[in-house]
Amino acid sequence: MNQEETGKSAVQQNIRALMAFLGQYPPFSQMESAHTASLLEHAVLTFYADGDIILSPELGIVDHFYIVKQGNVRGERKSIKNRSLVNGTTSAIPGNGIPDNRAVPDQSSTQNTSGNINQSTDAESTPPSNTTFEISPGECFPIAALVGERATRTVHRASGDTFCLKISRNHFVNIFTQSAVFRDFCLRGVSSLLDQVNRKIQSKAVETLGNQHSLDQPIAELAIRNPIVCTPDLPIQKAIAVMHSKNVGSIIITDDSRQPKGIFTLRDVRRVIAEGPCDFDAPISSVMTHNPKSLPYSASAFEAALLMAKHHFAHVCVIDEDKKLTGVVSERDLFSLQRVDLVHLARAIASAPSMVTLLSIRKDITKLIDTMIAYGAASQQLNHIITLLNDYTVVRVIELTVKTFGDPGIPFTWLVFGSEGRKEQTLVTDQDNGILFQAPPGMTDEDARSLLLPLAKEINTRLDECGFTWCKGNIMASNPDLCRSANEWEDWYYRFISTNTPENLLNSSIFLDMRPIWGDEKAAKEMYKRVVSAIQKNTLFQKMMAACALHHRPPLNMFKGFIYAKGGEKNTIDLKTQGLTPFVDAARILSLGQGIVESNTIDRIHALVKCGTMDSKDANAWIESYGLIQLLRMRNHQELSRTGKALTNRISPSQLNQLDQRILRESFRQAKRLQHKLEVTYAL
């Protein structure tokens with residue numbers, strides 16, 4: 001019996017055990033048993049000694065599909081390394097010395113997280129260096145080459161004694177044709193697995209909260225059809241009569257082309273009457289709210305809820321492509337479906353009459369986030385909601401404190417840094433804030449600072465009571481070094497950029513994610529633009545930041561095993577420091593290099609795609625990976641919160657199911673790829 005016959009016999013004799021083995025790993029765990037069995041019927045168990053080449057580009061068009069049964073397979077790829085930094089962007093330097101702006105071919109031969117099978121560029125034409133990735137038991141290769149009917153661009157080498165299930169291309173095509181799950185995985189990769197995770201969350205929500213609709217449901221499906229409208233010249237009394245007869249809470253004032261120009265609601269009726277004598281024969285345009293907020297009919301219920309919460313109103317106009325009114329969504333429409341009480345919660349926080357009330361209301365935030373996670377809300381949506389509610393809390397704390405202490409008479413702006421500056425907060429948050437002030441005429445900066453610091457300390461104290469814990473590094477407005485005039489801040493930033501000290505590089509991860517949330521925003525935003533412009537011109541500072549960022553490596557070893565965090569609970573990884581930071585740092589550095597003023601990580605990545613610094617497929621993979629890690633982190637917070645345990649960013653991989661582990665590993669691998677882009681960009 002030759003080697004192939006022996007390998008085929010080994011499969012046939014252990015078919016049950018192999019079925020059970022594949023049943024642990026997606027996509028096989030989601031495939032019909034008949035399809036998995038058919039796959040195995042034509043498989044051969046093949047042994048490779050350590051270092052044996054299984055596949056290589058020189059072997060021509062790929063004719064087999066491989067599943068790692070035992071051991072590991074190392075993928076080795078060629079990549080462009082000889083690149084240099086030119087005005088903040090990279091260019092390959094071929095032999096003729098002419099910069100080459102082609103994309104960096106750092107893609108693997110497996111699928112990326114966005115699900116797109118990577119199509120490598122012509123790396124062979126440039127000076128190569130090897131990059132590696134590991135393929136573990138239960139994973140398969142080389143799907144991109146099989147689907148593309150071409151040779152692989154990767155050398156696949158056994159890493160230790162390795163057994164693979166080897167299936168012919170013809171039978172791979174048969175299963176690809178028969179199994180929708182397998183086909184979806186081959187074409188969309190890990191994205192198809194992410195969909196499975198989300199569907200599980202949705203399913204859990206249905207079990208827990210009833211058969212509700214998704215937050216992603218278009219508002220066109222919720223909007224009141226044929227909303228009540230009138231012209232601007234209709235008398236107030238007649239407009240109210242129409243609302244009463246139609247039993248509606250609002251009337252939209254439109255122009256001749258049916259574009260909304262104003263809105264009048266029952267709340268406005270109360271306002272008009274409360275303000276004193278009113279001429280009810282006056283046109284409705286004299287008392288309506290002008291330019292009502294609108295959303296296109298394709299917008300989601302989540303967007304409508306967020307818009308209402310942000311502006312404290314209860315109605316959103318729904319418009320078509322020509323900006324013509326097609327419907328109205330009210331707060332009640334959202335509430336009636338029990339989707340979310342975000343609007344009510346935001347309004348209650350923003351108008352809390354006292355600190356006691358504010359503290360009481362904030363307890364509902366955990367409940368709200370719990371519900372939204374159960375509904376399968378994306379991590380970015382959750383970040384936005386938590387940040388929005390935290391912003392309202394900070395603003396209300398400042399307002400209540402100023403009311404108690406008295407107005408210091410010095411115009412100031414409250415700045416936030418770090419995760420709050422990026423709008424990426426979770427339930428675990430500490431304070432990173434500062435004050436930008438304008439000393440009145442006749443008063444020195446020192447005079448103004450001495451008046452503001454006691455107020456700042458009281459605000460910091462009250463924020464701590466609200467759950468924004470004291471910053472261990474004293475990055476708080478009550479610190480005299482972080483209570484500065486506009487000129488002092490700008491000088492400090494410029495010194496910060498020009499000195500490149502280790503401390504400054506460390507602080508760049510905090511202070512370069514900045515935004516104002518109270519007071520005059522204009523001065524702070526203009527200052528930030530000038531700071532970003534200075535960084536864009538300072539390629540040395542960018543390079544130093546990039547080198548510093550590479551100290552936070554994704555927690556994945558060369559065998560795709562997890563690297564546990566030091567200290568703390570054993571055998572855990574830190575999802576924030578080890579998992580998210582590589583994405584956050586890389587997006588920040590690359591965007592500052594392009595003069596991008598966005599501070600949110602996802603917004604930065606989108607902006608990098610727009611200016612051509614990132615490929616859109618790569619960007620999607622990085623956004624999905626970042627979102628998955630963030631979602632796991634939030635789910636962990638919610639579970640800890642429900643059991644009354646202290647919230648932590650640490651998680652034990654062994655407590656995750658196979659699917660979550662697989663996706664987490666893939667997310668970390670994407671973080672490695674993003675860091676590789678950083679290395680190439682800055683020739684590190």
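Calculation criteria
Residues numbered from 1 in each chain as written. Predicted model: local features only at pLDDT ≥ 70, side-chain atom pairs only at ≥ 80, totals over all residues. Heavy atoms only, no water. Buried < 20%, exposed > 50% of the residue type's maximum accessible area, 1.4 Å probe, protein only. Helix = DSSP H or I, 4+ residues; strand = E, 2+ residues; numbered from the N terminus. Pairing = 2+ DSSP bridges. Salt bridge = Lys/Arg side-chain N within 4 Å of Asp/Glu carboxyl O. Expected span 1.5 Å × (residues − 1). Contact = heavy atoms within 4.5 Å. Core = buried A, V, L, I, M, F, W, Y, C linked by side-chain atoms within 4.5 Å. pLDDT = per-residue confidence, 0-100. Axes fitted to C-alpha atoms, helices over the stretch in contact; angles between N-to-C directions.

### Remarks on the pairing of strand 17 (residues 412–416)
- Burial analysis of strand 17 places five of its five residues in the buried class, which makes it a mostly covered element.
- By the alternation rule, side chains of strand 17 split into Phe 412, Trp 414 and Val 416 and Thr 413 and Leu 415, which are all buried.
- Strand direction decides the pairing type here: strand 17 and strand 18 (residues 433–437), joined by five bridges, are antiparallel. Looking at strand 18, one finds that Leu 415 is bridged to Gly 434.
- Two strands pair when backbone bridges link them, and strand 17 and strand 20 (residues 515–518) are joined in this way by three bridges, in the antiparallel orientation.

### Topic: the pattern of salt bridges
- On inspection of all chains with the given rule, the structure shows 19 salt bridges.
- For Arg 449, the salt bridge identified is with Glu 488, shortest N-O distance 2.9 Å. Of the two residues, Arg 449 sits in helix 16 (residues 445–465) while Glu 488 sits in helix 17 (residues 486–499), which places them 39 residues apart along the sequence.
- Judged by its relative accessible area of 7%, Arg 449 falls in the buried class.
- For Lys 525, the salt bridge goes to Glu 521, with nearest N and O atoms at 3.4 Å. Of this pair, Lys 525 and Glu 521 are both found in helix 19 (residues 521–537), four residues apart, which corresponds to roughly one turn of the helix.
- Connected through shared salt-bridge partners, Arg 422, Glu 424, Asp 513, Asp 585, Arg 588 and Arg 604 make up one network.

### What about helix 23 (residues 616–642)?
- If you check helix 23, its first and last C-alpha atoms are 38 Å apart, about what 27 residues at 1.5 Å a residue would give, namely 39 Å.
- Burial of helix 23 is extensive: 19 of the 27 residues sit out of reach of the surface.
- Count one or two residues on from helix 23 and you reach Gly 644, which has phi positive near 75°.

### Considering the environment of Ala 223
- When you line up the elements, Ala 223 lands in the loop between helix 7 (190–209) and strand 9 (224–225).
- When its relative accessible area of 10% is taken as the criterion, Ala 223 is described as buried.
- When neighbours within four sequence positions are excluded, Ala 223 is seen to be in contact with Val 318, Gly 327, Val 328 and Val 329.

### Focus: unusual backbone geometry
- In this model, Phe 141 is joined to Pro 142 through a cis peptide bond whose omega is -10°.
- Note that Pro 142 resides in the loop between strand 7 (140–141) and helix 4 (143–148).
- Of note, Arg 258 is a non-glycine position whose phi angle comes to about 65°, a positive value.
- Along the chain, Arg 258 falls in the loop between strand 11 (250–254) and strand 12 (260–265).
- The phi dihedral of Lys 323 is positive, around 65°, even though this residue is not glycine.
- Within the secondary structure layout, Lys 323 lies in the loop between strand 15 (315–319) and strand 16 (325–330).

### A word on the nonpolar core
- If you look at the biggest cluster of nonpolar residues, it comprises 63 residues, and the most contacted ones within it are Phe 417, Trp 489, Tyr 493, Leu 512, Leu 664 and Leu 678.
- Those elements giving two or more residues to this core turn out to be helix 17, helix 18 (502–511), helix 19, helix 20 (539–549), helix 21 (575–593), helix 22 (601–610), helix 23 and helix 24 (658–681).
- With nine residues, the top contributor of residues to this core is helix 21.
- Residues in contact with Tyr 493, not counting those within four places in the same chain, are Phe 417, Phe 511, Leu 512, Met 514, Met 527 and Val 531.
- Residues Leu 342, Ala 352, Ala 377 and Val 397 belong to the second largest nonpolar core, which totals 52 residues.

### Quick look at the confidence of the model for the protein
- In the predicted model, the protein carries a mean pLDDT of 81, and 85% of its residues have values of at least 70.
- Taken together, the stretch residues 80–129 has pLDDT below 50 and engages in 136 contacts with residues farther than four places along the chain or on a different chain.
- This model gives residues 208–213 a pLDDT under 50, and the stretch forms eleven contacts once residues within four places in sequence are excluded.

### Overview of the sheet that holds strand 11
- With mixed pairing, four strands are arranged side by side in an open sheet as 10-11-12-13. The open sheet has two edge strands with one neighbour each: strand 10 (229–230) and strand 13 (289–290).
- With two bridges joining them, strand 12 and strand 13 adopt antiparallel strand pairing. Paired with Gly 262 across the two strands is His 290, which belongs to strand 13.
- Sitting on the sheet, helix 8 (residues 236–246) touches strand 11 and strand 12, and the angle it makes with strand 11 is about 130°.
- Together, strand 12 and strand 13 form the strand contacts of helix 9 (residues 266–274), whose direction differs from that of strand 12 by roughly 70°.

### Notes on the sheet that holds strand 20
- Strand order in the open sheet formed by four strands is 19-18-17-20, with mixed pairing between adjacent strands. Of all strands in the sheet, those with a lone pairing partner are strand 19 (483–485) and strand 20, marking the two edges. Strand-to-strand twist in this sheet, taken as the mean axis angle between neighbours without regard to direction, amounts to 35°.
- Strand contacts of helix 14 (residues 379–405): strand 17 and strand 20, with the helix running at about 55° to strand 20, the strand carrying the most contacts.
- Across the sheet, helix 16 is in contact with strand 17, strand 18 and strand 19; its angle to strand 18 comes to roughly 150°.

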